[in-house]
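# Descriptive analysis of the structure
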Amino acid sequence: MALREDFLIRWAMGLKEMFLVLFLLLSLTINGNGVEGKGSTSLSKEEDMEIERLLKIINKPAVKTIKDGYGQIFSCVDIEKQPAFDHPLLMNHKIQMGPGSLPKVIKDKKASSLGVSLKIGLKDGGCPLGTVPIRRITKEELKRAKSSPNFEKGYPSNAQDPSNDQAKFHFALQSKDKDGDAVFGSRAVLNTWQPNILGNQSSSSLVILRDASPPEQTRSIHAGWVVSSALYHNFLPHLSTAWTNDNHQKTGCYDVLCPGFVQISRDLPLGIGVSPTSIYDGTQYYIILTVYKDPLSEAWWLLYGDEKKKVGYWPKVLFNSTFADHADVVQWGGIVYNAGVLPWPEMGSGHNAKINTEYRKDCYIGGMNLIGKDGDVHPVTMDTPRRIITSSPCYEFYFGFRVPGVNYAVLFGGPGGNNC
């Protein structure tokens, strides 16, 4: 009984500490109406002291720091002391250095016809053995939260959720709905772009896996590239993820802004810049991402490239409902976010998607595979049950175009504007 009471006490203390960060970000959002680039954020002495205290919790002691080519700093922290283990459910977690098995994805024989597969990573092999890179959070980043009302939450898990504020998000997604077959992962090729955004906006290309819970309870994992100056202090795409166990009501965030994701790679951290980006009607650059539920460890893994490089994982214990075991729905496409300043941002290449042979002009996600329980792969085809989700005429979406060598693809994008 004493052990149980001790666990509950530590659980409560852990939750309190974890959500202090999210509460601060949310309170700054509610109490402020500033816009990035139009004046600085004013804080009281008490708020400033609280931010300093939280920064010490978030930014762990570093063995080494690495600055990338985009002005970001990554701290090499002890792998066993990374932010993930601030989560009360992961206090006694045993680190997994890799999934027990890998999905049986077959490398695309003609993927090179798309352009160039990006090999991204920190310079000189990244962090020393025994440490992992964690993007350093700055004081200004916490202060900027007031100009980005969704900063602390991550993208919505369910585009059909009536509780979502559609004034802030627009979608152009292809959804593979639940059809009786559980899904244990998805692999896809995402070409990269640099859509134009304002300081408090974002634009993304994402692979989303979620369960079939009611909208207000949706569990999900997102992975892809995101352009967000509020998050990354520049206007370039970055490797980004988000997760939640309750549709972002109390859990989940981008990357490692809250405890949960366990970083394994020493040179490929969440938040790293993705470049170069595709050129309209020119050379295309792409990344290959796999989100995979390992049947042995039961963790959801993020793998990069055709070589399936292990970035890290979300432990099973973070999720309940069916999502602890499998996904019911998979989505591929783009999401834009706007904090209320017109015009709405571009999505993808900034041009309306068109079904034609000029795939060099469109943002696409192709080579889509659904992964089964034993790692078997099922390519997405015209016969795969699916539906299109769009929420604005400013952004278009098509499915069915066959990008050379990578099966079928979803094409999406648009210019944004004032009337979205």
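Now for a description of the structure that goes with this document. Every value quoted in this text rests on a predicted model; they were computed, and no experiment measured them.

Reading across the sheet, the 3 strands line up as β1-β2-β4 and stay open at both edges, with antiparallel pairing between neighbours. Bordering the open sheet on either side are β1 (64–67) and β4 (131–135), each of which pairs with just one other strand. The mean inter-strand angle of the sheet, taken between neighbouring strand axes irrespective of direction, is 30 degrees.

Glancing now at the packing of aromatic side chains. Centre distance and the angle of the planes are the two values used to describe a pair of aromatic rings. Enumeration according to the criterion identifies 9 aromatic pairs in this entry. Centre to centre, the rings of W301 and Y313 are 4.7 Å apart; their planes meet at 40 degrees, and the pair counts as tilted. Taken as a pair, W301 in strand β13 (residues 300–304) and Y313 in strand β14 (residues 309–314) lie far apart in primary sequence, 12 residues in all. In this structure Y313 comes out as buried when scored by relative accessible area, which is 0%. With centroids separated by 6.2 Å and ring planes inclined at 35 degrees, the aromatic side chains of F399 and Y408 adopt a geometry described as tilted. Under the relative-accessibility criterion, F399 is labelled buried at 12%. By the ring-pair criterion, three or more aromatic residues cluster together here, those being W243, W300, F319 and F323.

What makes a disulfide is a covalent bond joining the sulfur atoms belonging to two cysteines. Taken as a whole, this structure holds 3 disulfides when the rule is applied. Across the disulfide from C394 sits C420; the S-S distance is 2.1 Å. Taking the sign of the torsion about the S-S bond as the criterion, the disulfide between C394 and C420, at about -105 degrees, is left-handed. Of this pair, C394 sits in the loop between β18 (387–390) and β19 (396–402) while C420 sits in the segment after β20 (408–413), and the two are 26 residues apart along the sequence. Residue classification places C394 among the buried residues on the basis of a relative accessible area of 11%. Should the bonded cysteines of the protein chain be numbered as they appear in the sequence, the pairing reads 1-2, 3-4, 5-6.

As a further point, take the nonpolar core. Ranked by size, the top nonpolar core spans 85 residues in total, and within it L209, W300, W314, F319 and W332 carry the most contacts. With 9 residues, the next largest nonpolar core counts F169, L206, V226 and I389 among its residues.

What follows concerns helix α2 (residues 45–58). Taking 1.5 Å of rise per residue, 14 residues should cover 20 Å, and α2 covers 20 Å from first to last C-alpha, within 8% of that figure. Listed in full, the buried residues belonging to α2 are I51, L54, L55 and I58. Projected onto a plane normal to the axis of α2, the buried residues spread over an arc of 110 degrees and lie on a single side. When the buried face of α2 is taken as reference, the exposed residues oriented beyond 90 degrees from it are K45, E46, M49 and K56.

Thresholds applied
- Residues numbered from 1 in each chain as written.
- Predicted model: local features only at pLDDT ≥ 70, side-chain atom pairs only at ≥ 80, totals over all residues.
- Heavy atoms only, no water.
- Pairing = 2+ DSSP bridges.
- Helix = DSSP H or I, 4+ residues; strand = E, 2+ residues; numbered from the N terminus.
- Axes fitted to C-alpha atoms, helices over the stretch in contact; angles between N-to-C directions.
- Phe/Tyr/Trp six-rings, centres within 6.5 Å; stacked < 30°, edge-to-face > 60°.
- Buried < 20%, exposed > 50% of the residue type's maximum accessible area, 1.4 Å probe, protein only.
- Disulfide = S-S within 2.5 Å.
- Core = buried A, V, L, I, M, F, W, Y, C linked by side-chain atoms within 4.5 Å.
- Expected span 1.5 Å × (residues − 1).
- Arc of directions from axis to C-beta.

None of the figures reported here should be taken as evidence of function without further support.
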